Amino acid sequence: EQRFAVNEIRSIGAGFAYPTKSGVFGLNIQYYGFDGYNEQKIGVAYARKLLEKVSLGAQVNYLNFRIPEYGNRGLVSFEIGLQAEILKDLKVVFHIANPITQEVVEDDDLPTVFKLGLSYAPSKKVNVNIEAEKDIDLDNRIKGGIEYLLVEAFALRAGFASNPSTFSFGAG
């Protein structure tokens, strides 16, 4: 992703998931920035079904922040999520990222973020999602989206978020 055609706010990511009988193993890699400042994240994940309608996932992350004049700073953190199907077409999800306070630079900590969401699939073609997000250093944020499966392998998507207000759309 390269917003506003500006090289300095380029973001690149890739992920891989490998399902097995004992759960799903995953790997993801992300890069953000440019030569003067950049961030890298490598995550190793594992998820599995705990009960018929309850699943748990966890990820360990290595984060690296690089500013050429100041050097590098590497941190290890984790995130964990829980998903439960409370009705046939309704799921509730909880996620926490970076629950242990870690300083990236003086007076700037890695953000601790809590998320609580609902996913509702009223039909095989429509999925509606809403999420409340709380970064412990910022105001609450509400996010939502809808996905419509136009044909079996093609979907249209639209979303919104508050604080700051944003709107998005996409296809996949």
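See the structure shown above.
Residues numbered from 1 in each chain as written. Predicted model: local features only at pLDDT ≥ 70, side-chain atom pairs only at ≥ 80, totals over all residues. Heavy atoms only, no water.

## Some points on the overall build of the chain
Part 1: Looking only at helices and strands, the chain features zero helices and 13 strands.
Part 2: Along its sequence from the N terminus, the chain presents helices and strands in the succession β-β-β-β-β-β-β-β-β-β-β-β-β.
Part 3: If one aligns the C-alpha atoms of the chain with their principal axes, the spans along those axes are about 55 × 40 × 30 Å.
Part 4: Within the chain, the fraction of its 172 residues that count as buried is 20%.
Part 5: Here the analysis covers contacts within the chain between residues at least 6 apart in sequence; of these, 22% occur between residues at least 24 apart.
Part 6: Per element, the accessible surface of the chain, about 12,000 Å² overall, is 62% carbon and sulfur.
Part 7: Taking the average location of the 18 positive side-chain charges in the chain and that of its 21 negative ones, the two points are 12 Å from each other. (Helix = DSSP H or I, 4+ residues; strand = E, 2+ residues; numbered from the N terminus. Buried < 20%, exposed > 50% of the residue type's maximum accessible area, 1.4 Å probe, protein only. Contact = heavy atoms within 4.5 Å. Areas by Shrake-Rupley, 256 points an atom, 1.4 Å probe, with all protein chains shown as cover. Lys, Arg positive; Asp, Glu negative; His and termini not counted. Charge placed at Lys NZ, Arg CZ, Asp CG, Glu CD.)

## A look at the nonpolar core
Part 1: If you look at the biggest cluster of nonpolar residues, it comprises five residues: Leu63, Phe65, Leu75, Val104 and Leu110.
Part 2: Not counting residues within four places of it along the chain, the set of residues in contact with valine 104 comprises Phe65, Arg73, Leu75, Asp109 and Leu110. (Core = buried A, V, L, I, M, F, W, Y, C linked by side-chain atoms within 4.5 Å.)

## Observations concerning the pattern of salt bridges
Part 1: Applying the stated criterion across every chain, the model contains five salt bridges.
Part 2: In this structure, lysine 41 and glutamate 79 form a salt bridge, with 3.4 Å as the shortest nitrogen-oxygen distance. You can see lysine 41 sitting in strand 3 (residues 37-51) and its partner glutamate 79 sitting in strand 5 (residues 71-87), a full 38 residues away along the chain.
Part 3: Residue glutamate 79 is classed as buried on the basis of its relative accessible area of 16%.
Part 4: In this structure, the salt-bridge partner of lysine 115 is glutamate 133, at a minimum N-O distance of 3.8 Å. In this pair, lysine 115 sits in strand 9 (residues 113-120) while glutamate 133 sits in strand 10 (residues 126-135), placing the two residues 18 residues apart along the sequence.
Part 5: Its relative accessible area of 23% is what places lysine 115 among the partly exposed residues.
Part 6: Here the salt bridges do not stand alone but share partners, grouping Lys115, Glu131, Glu133 and Lys143 into one network. (Salt bridge = Lys/Arg side-chain N within 4 Å of Asp/Glu carboxyl O.)

## Section: the side chain of aspartate 135
Part 1: Along the chain, the position of aspartate 135 falls in strand 10.
Part 2: Although aspartate 135 is buried, it forms no salt bridge, and the closest oppositely charged side chain is lysine 134 at an N-O distance of 6.6 Å.
Part 3: Of the polar contacts made by the side chain of aspartate 135, one reaches the backbone nitrogen of aspartate 137; its length is 2.9 Å.
Part 4: Not counting chain neighbours up to four residues away, the residues in contact with aspartate 135 comprise Pro111, Thr112 and Val113. (Polar contact = N/O pair within 3.5 Å; in protein donor to acceptor, adjacent residues only side chain to side chain.)

## Comments concerning the packing of aromatic side chains
Part 1: Using the criterion set out here, one finds one aromatic pair in the structure.
Part 2: Considering the side-chain rings of phenylalanine 25 and tyrosine 46, the 4.9 Å spacing of their centres and the 50 degrees angle between planes classify their relative orientation as tilted. With phenylalanine 25 in strand 2 (residues 23-34) and tyrosine 46 in strand 3, this pair connects stretches of sequence that are 21 residues apart.
Part 3: Under the relative-accessibility criterion, tyrosine 46 is labelled partly exposed at 29%. (Phe/Tyr/Trp six-rings, centres within 6.5 Å; stacked < 30°, edge-to-face > 60°.)

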